[in-house]
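# Structure assessment
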Amino acid sequence: QVQLVESGGGVVQPGGSLRLSCAASGFVFSGYGMNWVRQAPGKGLEWVAFIRDDGTYRCYADSVKGRFTISRDNSRNTLYLQMNSLRPEDMAVYYCAKKEPGPSPIIDYWGQGTLVTVSS
Amino acid sequence: DVVMTQSPLSLPVTLGQPASISCRSSQSLVHSDGNTYLNWFQQRPGQSPRRLISKVSNRDSGVPDRFSGSGSGTDFTLTISRVEAEDVGVVYYCMQGTHWPPITFGQGTRLEIK
């Protein structure tokens, strides 16, 4: 079955950097686009970024554009999110999420999430 | 950006009775391929979201048949035919993937006991 396991969360100061990873298994990772979605404490879901199956196309939410970079290593079945210039409002649980088959990046499976805390 | 508006944000329910959550989009979610990319997710406290319904009305494997999705265009509904205790205290989200980026979510609706 599909498994998505995030790691790399932690406490970072404002202005700092962090790299999240998501190890995928149970499906052909190289055949699916992937998303990052975040959820601030007690808040709703916010889409962050998407990357196509072959990594040739990426897109970002306006709130993170220019600061976050989504990437993937299909040989390692791993998705990444490099987060730079972190702000207090970036504090959230970050989920990696697999897209459904088809032209839409809409999500079918989610990981368990990793918590990013931005605080001095 | 497509704005997804859920209502109500908090829904008082009675066990054994039906419950419905509305999700409205700021533009039609019909894709050029003819599909409507509108999913419903359930999120229990402390857990990640779980997909219940895909493309408006397709229930996922293992999802109880008391859950159903309906709608078209800009108006969509998640219906629970008979609310059970395990459905309460849980947040339900709609999500669209027709017009992107960005993918957008509704604000979430929490079911609570009346």
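As a reminder, the structure under discussion sits directly above these lines.
Note that the coordinates shown come from a computational prediction; the quantities given were computed from them, not determined experimentally.

Glancing now at the state of the cysteines. As used here, a disulfide is simply a covalent bond connecting the sulfur atoms of two cysteines. Under the criterion given, the structure shown has 2 disulfides over all chains. The disulfide partner of A:Cys22 is A:Cys96, and the S-S distance across this bridge is 1.9 Å. Taken together, the positions of A:Cys22 in strand E3 (residues 18-25) and A:Cys96 in strand E9 (residues 92-99) put the pair 74 residues apart, joining distant regions of the chain. We classify A:Cys22 as buried; its relative accessible area is 0%. Looking at A:Cys96, the relative accessible area reads 0%, which means it is buried. There is a disulfide in this structure between B:Cys23 and B:Cys94, and the S-S distance comes to 2.1 Å. Classification of the bridge connecting B:Cys23 and B:Cys94 rests on its S-S torsion, roughly 75°, and on that basis the disulfide is right-handed. Placement of B:Cys23 in strand E3 (residues 19-25) and of B:Cys94 in strand E9 (residues 91-96) is noted, with a sequence separation of 71 residues between them. As far as the burial class goes, B:Cys23 and B:Cys94 line up, both buried. Free cysteine A:Cys59: the closest other cysteine sulfur is in A:Cys96, separated by 16 Å. Given a relative accessible area of 6%, A:Cys59 falls into the buried group.

About the thresholds
- Every chain begins its residue count from 1, and numbering advances along the sequence as written.
- Chains carry letters from A onward and ligands carry numbers from 1 onward, assigned in written order.
- With pLDDT at 70 or above as the cut-off, local features in this predicted model cover only qualifying residues; side-chain atom pairs require 80 or more to be listed or tallied, and sums for whole chains, interfaces and linings still use all residues.
- The side-chain figures draw on all heavy atoms in the structure; neither hydrogens nor water molecules are used.
- Pairs of cysteine sulfur atoms within 2.5 Å are what we label disulfides.
- Where helices and strands are cited, they refer to DSSP runs of H or I of at least four residues and of E of at least two residues respectively, numbered from the N terminus.
- Burial here depends on accessible area, computed with a 1.4 Å probe over protein chains only, as a share of the maximum for the residue type. Under 20% is buried, over 50% is exposed, and the range in between is partly exposed.

Shape descriptors only; they carry no functional weight alone.
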